[in-house]
Amino acid sequence: FRAPCGDFTVCARHQEAPPCIPFGLASVFSGRISRKSVSHTEDIGDTMADNKRYRNPTEVQMSQLVLPCHTNHRGELSVGQLLKWIDTTACLSAERHAGCPCVTASMDDIYFEHTISVGQVVNIKAKVNRAFNSSMEVGIQVVSEDLCSEKQWSVCKALATFVAHRELSKVKLKQVTPLTEEEKTEHGVAAERRRMRLVYADTIKDLLARCAIQDDLDSKDYSNMVPAEKTRVESVELVLPPHANHQGNTFGGQIMAWMENVATIAASRLCRAHPTLKAIEMFHFRGPSQVGDRLVFKAIVNNAFKHSMEVGVCVEAYRQEAETQRRHINSAFMTFVVLDEDDQPQKLPWICPQPGEGERRYREASARKKIRLDRKYIVSCKQAEVPLSVPWDPSNQVYLSYNNVSSLKTLVAKDNWTLSSEISQVRLYTLEEDKFLSFHLEMVVHVDAAQAFLLLSDLRRRPEWDKHYRSVELVQQVDEDDTIYHVISPSLSGNSKPQDFVILASRRKPCDNGDPYVIALRSVTLPTHCETPEYQRGETLCSGFCLWSEGDQLTKVSYYNQATPGLLNYVTTNVAGLSSEFYNTFKACEHFLLDNRNDLAPGLQTL
């Protein structure tokens, strides 16, 4: 393996290549990391050291015993009932932070990992991850517990957005102060998730327009197809006081429960069996409903795949005196399966869509399935499970960008960094974990943070200060914040080839005061830039810059790099002497910023 300066890499196909350390390492030093080195983060007190005594001030816990009245035909907890409990717990957490009434704005995708039986206990924990102006993200964890065996199972995780609502005055929420590593991670990544939510509808629409789905209707056996119209369901509910919250608005969880009910009926009409809900795409509440409203729920099976089906549900509200003036309240897409006695998914009949709108929904459901699988794989899986280079295409670009930035923010939030060395106020920190070894360099420069952000964002200028970037080609300007580059790194050994990298650079400006500017880097694969005999393909998993404004014309520049498993054993025995090489390259970066702080290239300013 070998890396361009600042990008730790491992090339799985060339493990015999000599190792290279970021920032232009020309020679290998020996030594061990001192376990007595200074900790990177300050001690936040005995209370934080004792996790049993610390509790997030916004945390709310709810425990419910599952009774027969809460279950479906299989004796399992109804998902609709679970959604009501989740929404209530999250709302209480949001109101604890806001100090005023809150309403549900949206609920992100939910994947159900485990069912819950009669007699078991549902434990729900919710806490505010981050507050913005008048909205906040609430994280929810659901665990089931068997009281007899004391076993516990993870059921699902959810993320809800709540909006503080006060009739006579505008709400400005106080900021959340994260203390633990987990809270810092969620706080940092919440800004990136909010960014995705704000463009969610446009993103899905754009991806559907670009995602080509082969029309397979002609190849299917029509004798085994169920007309989609046979699965259509329409139901009406009158919103009564028990369905409303303390503001008179219908509980979001109640609406979600009614939606799950009609969707289950539609799914049952296709399979002629009792389906199980496995996933729900984002709920987005477009407006409130009140006591006295009539809510009309419409559901239909959009498409059926081999072992799963997608059901679309929409909700409209109206008053009795104005029935023709219906308001769109909510829409969602739910994925169902039919399980046999061994809990294995059964084969489903095909769906025959109606011409026109039915065919549109049919094809969009196929596109959403691909998008959903990409999103679940890239966004939901653990860092160690993500391959170094993920294929880049229009259907996953939004989620790769999200994963790129959130991975860097997760690394930044780690609280067990160790100070390895310090030379002339340039600090080198290291972090050893089970499968990763990470580096973090830090210095303060007399340059405005916004200017430093612009200069470091354009990798085409990296060769000006980094000798491990021989050349950089801009491959694709994906959007305003995401760019793909092809990087050539010179050889350090006469017996090895130069290395090349295909790197996604994702940049983010601060969301709130105190947030850093972020430049995140990771490898991707492109069909236009395949491996060639001329170069040895390198890969980087997670690296990049975070820039904090320390005042007028003063910026703290931090560089982070996560080494992959193949590098761990080697570097742990050779890291102490690396500081001089890191120092020289980082100082070259400082001189580059100082020399160019008042002379930004016109093209760079518009990136």
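The name given to the protein in an unreviewed UniProt entry is Acyl-coenzyme A thioesterase 11, with the source organism recorded as Nannospalax galili.

Caption draft 1: Structural view of the overall build of the protein. Tallying secondary structure elements over the protein gives 11 helices and 25 strands in all. Of all 607 residues assigned to the protein, the portion counted as buried reaches 55%. In the protein, once contacts between residues fewer than 6 apart in sequence are set aside, the share between residues at least 24 apart is 71%. As displayed, the protein offers around 27,100 Å² of accessible surface, 49% of which is attributable to carbon and sulfur atoms.

Caption draft 2: The arrangement of the sheet that holds strand β8 (residues 233-238) in detail. Pairing is antiparallel across the open sheet formed by six strands, whose spatial order is β3-β9-β13-β12-β11-β8. Looking at which strands have only one partner, the edges of the open sheet turn out to be β3 (110-111) and β8. Alignment of strand β12 (residues 309-318) against strand β13 (residues 327-337), held across nine bridges, turns out to be antiparallel. Directly across from Met309, in β13, lies its bridge partner Phe336. The strands touched by helix α5 (residues 252-271) are β8, β9 (276-280), β11 (294-304), β12 and β13; relative to β11, the strand with the most contacts, the crossing angle is about 40°.

Caption draft 3: Examining helix α3 (residues 181-198) more closely. Taking 1.5 Å as the rise per residue, α3 with 18 residues should run 26 Å; its terminal C-alpha atoms sit 26 Å apart, in good agreement. Inspection of α3 places Glu183, Thr185, His187, Gly188, Val189, Ala190, Ala191, Glu192, Arg193, Met196 and Arg197 among the buried residues, and these make up the whole buried set.

Caption draft 4: Quick look at unusual backbone geometry. Positive phi is not limited to glycine here, since Asp343 has a value of about 60°. Here Asp343 is to be found in the loop between β13 and β14 (350-352).

Caption draft 5: Up close: empty space enclosed by the protein. Inspection of every chain in the model, using the stated rule, returns three cavities of 30 Å³ or more. In this model, the largest cavity occupies a volume close to 70 Å³. Forming the walls of the largest cavity are 12 residues, and the residues nearest its centre are Ser457, Asp481, Thr483, Tyr485 and Arg507. Counting only elements with at least two residues in the lining of the largest cavity, the list comes to β20 (482-489) and β21 (499-508). Of the residues belonging to the lining of the largest cavity, the class tally is four nonpolar, four polar and four charged.

Caption draft 6: The arrangement of a nonpolar patch on the surface in detail. A cluster of nonpolar side chains, contributed by Leu65, Leu67 and Leu147, occupies part of the molecular surface with about 260 Å² of accessible area. Along the chain, the position of Leu147 falls in the loop between β5 (135-145) and β6 (152-164).

Caption draft 7: Focus on the pairing of strand β19 (residues 471-477). As defined by bridge partners, β19 adjoins β20 across six bridges and the pair is classed as antiparallel. Residue pairing in the sheet places Glu473 in a bridge with His486 of β20. In this structure, the hairpin formed by β19 and β20 is closed by a connection of four residues.

Caption draft 8: Region of the structure containing the packing of aromatic side chains. Counting across every chain of the model gives five aromatic pairs. Aromatic side chains Phe453 and Tyr517 sit 4.9 Å apart centroid to centroid with 35° between the ring planes, which places their arrangement in the tilted category. Of this pair, Phe453 sits in helix α8 (residues 449-457) while Tyr517 sits in strand β22 (residues 517-525), and the two are 64 residues apart along the sequence. With a relative accessible area of 1%, Phe453 lands in the buried category. Exposure remark for Tyr517: the relative accessible area of 17% places this residue in the buried category. Through successive ring pairs, a cluster of aromatic residues spans Trp465, Phe545 and Tyr559. The positively charged end of Arg368 is found above the aromatic ring belonging to Phe333, 3.7 Å away from the centroid.

Caption draft 9: Up close: the sheet that holds strand β1 (residues 60-65). Within the open sheet, the six strands sit side by side as β1-β4-β5-β6-β2-β10. Their pairing is antiparallel. Bordering the open sheet on either side are β1 and β10 (283-284), each of which pairs with just one other strand. In terms of strand pairing, strand β4 (residues 121-131) meets β5 through 10 bridges, oriented antiparallel. When the sheet's bridge partners are listed, Val122 is paired in β5 with Ser144. Set on the sheet, α3 makes contact with β2 (102-107), β4, β5 and β6; between it and β4 the angle comes to about 75°.

Caption draft 10: Representation of the environment of Leu521 within the structure. Relative to the helices and strands, Leu521 resides in strand β22. Taking C-alpha positions, Leu521 is 8.4 Å from Leu408, a pair spaced 113 residues apart along the chain.

Caption draft 11: Representation of the side chain of Glu260. Structurally, Glu260 is set in helix α5. Setting aside residues no more than four positions away along its own chain, Glu260 makes contact with Ser78, Val79, Gly80, Leu277 and Met334.

Caption draft 12: Quick peek at the nonpolar core. If you look at the biggest cluster of nonpolar residues, it comprises 73 residues, and the most contacted ones within it are Met136, Ile140, Met309 and Val311. Here the element with the most residues in this core is α5; it accounts for 10 residues. The contacts of Met309, once residues within four sequence positions are left out, are Ala267, Leu270, Cys271, Val301, Asn303, Ala304, Met334, Thr335, Phe336 and Leu348. Residues Met443, Leu455, Tyr485 and Leu547 belong to the second largest nonpolar core, which totals 36 residues.

Caption draft 13: Region of the structure containing the packing of helix α2 (residues 79-98) against α5. Closest axis-to-axis distance for the α2/α5 pair is 8 Å, and the angle between their directions is 165°. In this view, α2 runs roughly antiparallel relative to α5, as classed from their interaxial angle. Here the hand of the crossing between α2 and α5 comes out right-handed. Contact with α2, carried on its side by Val79, Gly80, Leu83, Lys84 and Asp87, involves Gly252, Gly253, Gln254, Met256, Ala257 and Glu260 of α5 and no other residues of that element.

Caption draft 14: Region of interest: the pattern of salt bridges. On inspection of all chains with the given rule, the structure shows 29 salt bridges. The closest approach of N and O atoms between Arg232 and Glu229, which form a salt bridge, is 2.7 Å. Residue Glu229 is classed as partly exposed on the basis of its relative accessible area, which comes to 30%. One network of salt bridges, with partners in common, ties together Asp108, Glu137, Glu186, Arg193 and Arg197.

Caption draft 15: Molecular detail of the side chain of Asp500. Mapped onto the fold, Asp500 is located in strand β21. Under the relative-accessibility criterion, Asp500 is labelled buried at 2%. Of the polar contacts made by the side chain of Asp500, one reaches the side chain of His486; its length is 2.9 Å.

How each quantity is defined
- Residues numbered from 1 in each chain as written.
- Predicted model: local features only at pLDDT ≥ 70, side-chain atom pairs only at ≥ 80, totals over all residues.
- Heavy atoms only, no water.
- Helix = DSSP H or I, 4+ residues; strand = E, 2+ residues; numbered from the N terminus.
- Buried < 20%, exposed > 50% of the residue type's maximum accessible area, 1.4 Å probe, protein only.
- Contact = heavy atoms within 4.5 Å.
- Areas by Shrake-Rupley, 256 points an atom, 1.4 Å probe, with all protein chains shown as cover.
- Pairing = 2+ DSSP bridges.
- Axes fitted to C-alpha atoms, helices over the stretch in contact; angles between N-to-C directions.
- Expected span 1.5 Å × (residues − 1).
- 1 Å grid on protein atoms, 1.4 Å probe; cavity = no way out; pocket = protein on both sides within 12 Å on 5 of 7 lines; lining within 4 Å.
- Points joined across faces, edges and corners; volume = space filled by probe spheres on them.
- Nonpolar A, V, L, I, M, F, W, Y, C, P; charged D, E, K, R; others polar.
- Patch = residues over 30% accessible without salt bridge, like charges linked within 9 Å, V, L, I, M, F, W, Y side chains within 5 Å.
- Salt bridge = Lys/Arg side-chain N within 4 Å of Asp/Glu carboxyl O.
- Phe/Tyr/Trp six-rings, centres within 6.5 Å; stacked < 30°, edge-to-face > 60°.
- Lys NZ or Arg CZ within 6 Å of the ring centre and 35° of its normal.
- Core = buried A, V, L, I, M, F, W, Y, C linked by side-chain atoms within 4.5 Å.
- Parallel < 35°, antiparallel > 145°, perpendicular 65-115°, else oblique.
- Left-handed = near helix turned anticlockwise from the far one by under 90°.
- Polar contact = N/O pair within 3.5 Å; in protein donor to acceptor, adjacent residues only side chain to side chain.

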